[in-house]
Amino acid sequence: QVQLVESGGGLVQAGGSLRLSCAASGRTFSTYPMGWFRQAPGKEREFVAGISWGGDRTYYADSVKGRFTISRDNGKNTLFLQMNSLKPEDTAVYYCAAAEGPRTVVVVNALQYKYWGQGTQVTVSS
């Protein structure tokens, strides 16, 4: 069982930056592939970025590639999403999630994620 709590969301102007954090409970955080998803009003939840157990493999949605960076600190049971050059279309509720999978895997499919946080709102004004 893993419990996830996101923080760091807020209101920012276009071109600005935010850093999201996701604190995980449990001693096995380091054995879960992790990911960030987002959901804008009236839209389906979409994959943003994923990372393998050790953080050596990452994968990004095309819409955020080059602007967002996912990372993790397994010693502190924390997942991060650094978001730079934010755009109004990045406005959404952002969720972190934990999947079950092998060491080298980055999980993209939301259906494979077993544990979810409650979400944190990110609003980018133009």
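Residues numbered from 1 in each chain as written. Predicted model: local features only at pLDDT ≥ 70, side-chain atom pairs only at ≥ 80, totals over all residues. Heavy atoms only, no water.

Explain the environment of Thr-120 to me, please; I cannot follow it from the model alone.
As for its position among the elements, Thr-120 is in strand β11 (residues 120–125). In the structure, Thr-120 is positioned 98 residues away from Cys-22 in sequence and 9.8 Å away in space, judged by C-alpha atoms. Not counting residues up to four positions away in its chain, the partners in contact with Thr-120 are Glu-6, Ser-7, Gly-8, Gly-9, Leu-20, Ala-92, Val-93 and Tyr-94. (Helix = DSSP H or I, 4+ residues; strand = E, 2+ residues; numbered from the N terminus. Contact = heavy atoms within 4.5 Å.)

Hey, could you run me through unusual backbone geometry in this one?
A negative phi angle characterises most non-glycine residues, just as the trans form characterises most peptide bonds. Phi angles above zero are rare outside glycine, and Asn-77 is one such case at about 50°. Assignment of secondary structure puts Asn-77 in the loop between β7 (68–73) and β8 (78–83). Positive phi, close to 50°, is recorded for Ser-85, a residue that is not glycine.

Any chance you could explain the environment of Gly-55 here in plain terms?
Its location among the elements puts Gly-55 in the loop between β5 (46–51) and β6 (58–60). When its relative accessible area of 29% is taken as the criterion, Gly-55 is described as partly exposed. Sequence separation between Gly-55 and Ile-70 is 15 residues; the distance between their C-alpha atoms is 8.7 Å. (Buried < 20%, exposed > 50% of the residue type's maximum accessible area, 1.4 Å probe, protein only.)

What is the right way to look at the pattern of salt bridges in this model?
Should their charged atoms come close, side chains of opposite charge can pair. The tally for this structure, following the rule as stated, stands at five salt bridges. Notably, a salt bridge pairs Asp-62 with Lys-65, separated by 3.1 Å at the nearest N-O pair. Exposure remark for Asp-62: the relative accessible area of 66% places this residue in the exposed category. The class of Lys-65 is partly exposed, set by a relative accessible area of 48%. The shortest N-O distance in the salt bridge between Asp-90 and Arg-67 comes to 2.7 Å. With Asp-90 in the loop between β8 and β9 (92–99) and Arg-67 in the loop between β6 and β7, this pair connects stretches of sequence that are 23 residues apart. Looking at Arg-67, the relative accessible area reads 11%, which means it is buried. Within this structure, Arg-38, Glu-46, Arg-67 and Asp-90 form a network of salt bridges that share partners. (Salt bridge = Lys/Arg side-chain N within 4 Å of Asp/Glu carboxyl O.)

What should I look at first to understand the nonpolar core in this one?
Inside soluble globular proteins, nonpolar side chains tend to come together where they are buried. Of all hydrophobic cores here, the largest spans 36 residues; its most connected members are Leu-4, Trp-36, Leu-79, Leu-81, Met-83 and Tyr-94. Mapped onto this core, the elements with two or more residues apiece are β3 (18–24), β4 (34–39), β5, β7, β8, β9, β10 (113–116) and β11. The greatest single-element share of this core, amounting to six residues, is contributed by β9. (Core = buried A, V, L, I, M, F, W, Y, C linked by side-chain atoms within 4.5 Å.)

Looking at this model, I keep getting lost on the state of the cysteines. Mind explaining?
Covalent bonding between the sulfur atoms of two cysteines defines a disulfide. One pass over the structure, following the stated rule, counts one disulfide. What pairs with Cys-22 in a disulfide is Cys-96, and their sulfur atoms sit 2.0 Å apart. Looking along the S-S bond of the Cys-22-Cys-96 disulfide, the torsion reads about 50°, which is the right-handed sense. Taken as a pair, Cys-22 in strand β3 and Cys-96 in strand β9 lie far apart in primary sequence, 74 residues in all. (Disulfide = S-S within 2.5 Å.)

Whenever I open this one, the sheet that holds β8 confuses me. Can you help?
The strands that make up a sheet are held in pairs by hydrogen bonds between backbone atoms, and each pair lies either parallel or antiparallel. The four strands lie next to each other as β1-β3-β8-β7, forming an open sheet whose pairing is antiparallel. Every interior strand has two partners, whereas the edge strands, β1 (4–7) and β7, have only one. For this sheet, the mean angle separating the axes of adjacent strands, direction not counted, is 15°. (Pairing = 2+ DSSP bridges. Axes fitted to C-alpha atoms, helices over the stretch in contact; angles between N-to-C directions.)

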